[in-house]
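# Results of the structural survey
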There are 2 protein chains.
Amino acid sequence: MDDQPRWLTDEEMEAWLALISMLIKLPQALDGQLQRDAGISHFEYQVLAGLSMSPDRTIRMSELAQLADGSLSRLSHVVSRLEKRGWVRRCADPGDGRYTLAVLTDDGWEKVVATAPGHVATVRASVIDPLTKAQIRQLRDIGRRITEAVDPGGACPG
Amino acid sequence: MDDQPRWLTDEEMEAWLALISMLIKLPQALDGQLQRDAGISHFEYQVLAGLSMSPDRTIRMSELAQLADGSLSRLSHVVSRLEKRGWVRRCADPGDGRYTLAVLTDDGWEKVVATAPGHVATVRASVIDPLTKAQIRQLRDIGRRITEAVDPGGACPG
DNA sequence: CCCGATCACTTGAAGCGTCAAGTAAAGTAA
DNA sequence: TTACTTTACTTGACGCTTCAAGTGATCGGG
């Protein structure tokens, strides 16, 4: 990369360590709550939530993958599991047979409705409530900048 | 949890979505760079880096697990792999045979030295450089608050 | 109309993390 | 000393993600 790399200053290192810790522990906390209370992973929740917010509770696999921040392959495996549990159905897009449409079943809808409040409460307790209103705005800006730096033009930089 | 959950406001939701995206994409970017350039995962790097900063390049497994933010089981598996690659050795603590000491070999030290600059450059490019000095301080505070909320009294809240 | 290219997705194998069970050393109490 | 508990770690099985290869459906050029 660089023969003489610029090491991190103390302030930068503090921020970096704080970020690393958060990066590891927050997903664990979110996955843990969902696993305990609903028996699903955070990614599965994102998939179900994405479906529940789509028109007709239906969306193409590729769009859903973007929405849930995952690869198409990962989504395909997960949707297979969700199908076995009766929460999602697959069907070919009538207009273009290459697309697969994922559809949220009634049972799937119930699952989201039953799971959402507890999850939101966890998000509040872990992220929103510990921060001031100003910090919430700062977090949004920081998150966007980092996401944009890491994956320029990915999904929805808002 | 709560019969009438407080949903997220628009500002809160924006921050939350930005955080989720970062939470998913930043680890991917860090792992990706290390995997490509050095053939190791970010966790493996943290283990090697933790060892390299310990006195005599030696540290107890349980302390190393805390330092690297991972479970003892995970660390044990990873150290087994690092041992096979010749970067780490294990030996029983002479004072208390229950403890296992992990020791960084000379090859392991070389690996860290060879890997660190590229990794630091990636951290800079992904996190430090896109942010202002003020944002870096904000990130540190936000990260600490969230980490503390999620895992009260964990490792080093600094 | 045909054939190759492209697109959207699926599948199977390999690797890593987690959980539960197991092992060995040290402490404790009779 | 012996037996029981605790501590620190290891191990194996299972589940999930990733990667590479494969399957159809559709498009575009001749």
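An account of the accompanying structure is given in this report.

## Remarks on the packing of aromatic side chains
What the rule picks out here adds up to zero aromatic pairs over all chains. The side chain of arginine 60 of chain A reaches across the aromatic face of tyrosine 99 of chain A, ending 3.6 Å from its centre.

## Focus on the protein's contact with DNA strand D
The local shell around DNA strand D holds 19 residues, among which Ser73 and Arg74 of chain A together with Ser62, Arg90 and Tyr99 of chain B are the closest. Between DNA strand D and the protein, one listed contact pairs a base oxygen with a side-chain N or O atom of histidine 77 of chain A at 3.1 Å. Taking glycine 97 of chain A, its main chain carries an N or O atom lying 2.8 Å from a phosphate oxygen of DNA strand D. Counting only elements with at least two residues in the surface near DNA strand D, the list comes to helix H4 (72-84) of chain A together with helix H3 (61-67) and helix H4 (72-84) of chain B. Here the surface near DNA strand D takes five residues from H4 of chain A, the largest share from any one element. Its residues placed into classes, the surface near DNA strand D shows four nonpolar, nine polar and six charged.

## Here's the deal with the relation of the copies chain A and chain B
Here chain A sits on chain B after a turn of 180 degrees about the axis and a move of 0.0 Å along it, with an RMSD of 0.1 Å. Both copies of the chain, as the preceding transformation shows, are related through a two-fold rotation axis. Considering only C-alpha atoms, the residue of chain A closest to the rotation axis is leucine 23 of chain A, which sits at 3.0 Å. A share of 100% of interface residues in chain A that are also interface residues in chain B marks the association as one of identical surfaces.

## Side note on the sheet that holds strand S2 (residues 88-92) of chain A
Residues and elements named next belong to chain A. Spatially, the three strands line up as an open sheet ordered S1-S3-S2, and their pairing is antiparallel. Edge positions in the open sheet fall to strand S1 (58-60) and S2, since each of these has one partner strand only. Shown here is a sheet whose adjacent strand axes are inclined to one another by a mean of 30 degrees, direction ignored. One ladder, built from three bridges, connects S1 with strand S3 (residues 100-104); its direction is antiparallel. Paired with arginine 60 across the two strands is leucine 101, which belongs to S3.

## Here we look at the packing of helix H2 (residues 42-52) of chain A against helix H5 (residues 106-128) of chain A
All names here are of chain A. Look at H2 against H5: their axes get within 10 Å of each other, and the N-to-C directions meet at 120 degrees. Taken together, the axis directions place H2 and H5 in an arrangement best described as oblique. For the crossing formed where H2 meets H5, the hand is left-handed. For the pair H2 and H5, contact is made by His42, Tyr45, Leu48, Ala49 and Ser52 and by Trp109, Lys111, Val112, Thr115, Ala116 and His119, respectively. Partitioning the contact of H2 with H5 into residue classes produces six nonpolar, four polar and one charged.

## Observations regarding the sheet that holds strand S1 (residues 58-60) of chain B
Residue and element names in this part refer to chain B. A sheet is described by the order of its strands in space; here three strands give the open sequence S1-S3-S2, paired in antiparallel fashion. The open sheet terminates on both sides in strands that have one partner only, identified here as S1 and strand S2 (88-92). Pairs of neighbouring strands in the sheet enclose a mean axial angle of 30 degrees, with direction left out of account. With respect to the sheet, helix H2 (residues 42-52) is in contact with S1, S2 and strand S3 (100-104), its orientation differing from that of S3 by roughly 90 degrees.

## Quick notes on the environment of glutamate 83 of chain B
All names here are of chain B. With respect to the helices and strands, the residue glutamate 83 is situated in helix H4. As for glutamate 83 and glycine 108, which are separated by 25 residues in sequence, their C-alpha atoms are 9.5 Å apart. When near neighbours in sequence (up to four residues on either side) are disregarded, glutamate 83 contacts Val88, Arg89 and Arg90. Among the polar contacts made by the side chain of glutamate 83, one reaches the side chain of arginine 90 at a distance of 3.1 Å.

Each value, and the rule that gives it
- Residues numbered from 1 in each chain as written.
- Chains lettered and ligands numbered in written order.
- Predicted model: local features only at pLDDT ≥ 70, side-chain atom pairs only at ≥ 80, totals over all residues.
- Heavy atoms only, no water.
- Phe/Tyr/Trp six-rings, centres within 6.5 Å; stacked < 30°, edge-to-face > 60°.
- Lys NZ or Arg CZ within 6 Å of the ring centre and 35° of its normal.
- Near = heavy atom within 4 Å.
- Polar contact = N/O pair within 3.5 Å; in protein donor to acceptor, adjacent residues only side chain to side chain.
- Helix = DSSP H or I, 4+ residues; strand = E, 2+ residues; numbered from the N terminus.
- Nonpolar A, V, L, I, M, F, W, Y, C, P; charged D, E, K, R; others polar.
- Least-squares fit on C-alpha atoms with pLDDT ≥ 70 in both.
- Contact = heavy atoms within 4.5 Å.
- Pairing = 2+ DSSP bridges.
- Axes fitted to C-alpha atoms, helices over the stretch in contact; angles between N-to-C directions.
- Parallel < 35°, antiparallel > 145°, perpendicular 65-115°, else oblique.
- Left-handed = near helix turned anticlockwise from the far one by under 90°.

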